[in-house]
Amino acid sequence: MRRRAGIGAIQKQRLQQNRFKEKGTEIQENQLEQMVQQMEKFRTNLEDYAAKHKNEIRKNPQFRRQFQEMCASIGVDPLASGRGESFNLHLPQQIC
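Residues numbered from 1 in each chain as written. Predicted model: local features only at pLDDT ≥ 70, side-chain atom pairs only at ≥ 80, totals over all residues. Heavy atoms only, no water.

### Things to note about the pattern of salt bridges
One side chain can pair with another of opposite charge once the charged atoms of both are near each other. Under the defined criterion, the tally for this structure stands at 4 salt bridges. Residues glutamate 69 and arginine 65 are paired through a salt bridge, measuring 3.1 Å at the closest nitrogen-oxygen approach. Highlighted residues: glutamate 69 and arginine 65, both in helix H3 (residues 61-73), separated by 4 residues, approximately one helical turn. On the accessibility criterion, glutamate 69 (44% relative accessible area) is partly exposed. (Salt bridge = Lys/Arg side-chain N within 4 Å of Asp/Glu carboxyl O. Helix = DSSP H or I, 4+ residues; strand = E, 2+ residues; numbered from the N terminus. Buried < 20%, exposed > 50% of the residue type's maximum accessible area, 1.4 Å probe, protein only.)

See the structure below:
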């Protein structure tokens, strides 16, 4: 006959499960923070790029279309910056 697990073993298992859960939450929070920082950096670089190539984006329809398609594929509204606002980045809100 097989012995059942004792109370000590059950408590140890629960403690271990809680530790794994806490560590998982910690890792998740760190990854989210890193992603938010990366998206902020990307947004800044994209704004710099758009400002640097503003004339080419306005004058060259093919380049403008490609730029808008690239922005749309990552959830950035390049038209928002034309109204004096910064780029509208939706990804961090979608993650949260």
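### Quick notes on the nonpolar core
With 7 residues, the main nonpolar core is built from Leu46, Ala50, Ile57, Phe63, Phe67, Cys71 and Val76. Breaking this core down by element, the ones donating at least two residues are helix H1 (7-52) and H3. Counting residues per element, this core draws most heavily on H3, at 3 residues. (Core = buried A, V, L, I, M, F, W, Y, C linked by side-chain atoms within 4.5 Å.)

### Some words on the packing of H1 against H3
For any two helices packed against each other, one specifies the inter-axial angle together with the distance between the axes. Between H1 and H3, whose axes approach to 13 Å, the crossing angle comes to 170°. Here H1 lies roughly antiparallel to H3, going by the angle between them. The segment H1 lies against H3, with Leu46, Tyr49 and Ala50 engaging Phe63, Phe67, Met70 and Cys71. (Axes fitted to C-alpha atoms, helices over the stretch in contact; angles between N-to-C directions. Parallel < 35°, antiparallel > 145°, perpendicular 65-115°, else oblique. Contact = heavy atoms within 4.5 Å.)

### Here's the deal with the confidence of the model for the protein chain
In the predicted model, the protein chain carries a mean pLDDT of 80, and 75% of its residues have values of at least 70. Taken element by element, the predicted model of the protein chain shows its lowest mean pLDDT in helix H4 (residues 91-95) (45) and its highest in H1 (91). When the criterion is pLDDT under 50, residues 89-96 qualifies, and its contacts beyond four places in sequence or with other chains add up to 11 contacts. (pLDDT = per-residue confidence, 0-100.)

### As for the packing of aromatic side chains
Summed over the entire model, instances satisfying the criterion amount to 1 aromatic pair. Centre to centre, the rings of tyrosine 49 and phenylalanine 67 are 6.1 Å apart; their planes meet at 25°, and the pair counts as stacked. Highlighted residues: tyrosine 49 in helix H1 and phenylalanine 67 in helix H3, separated in sequence by 18 residues. Under the relative-accessibility criterion, phenylalanine 67 is labelled buried at 7%. (Phe/Tyr/Trp six-rings, centres within 6.5 Å; stacked < 30°, edge-to-face > 60°.)

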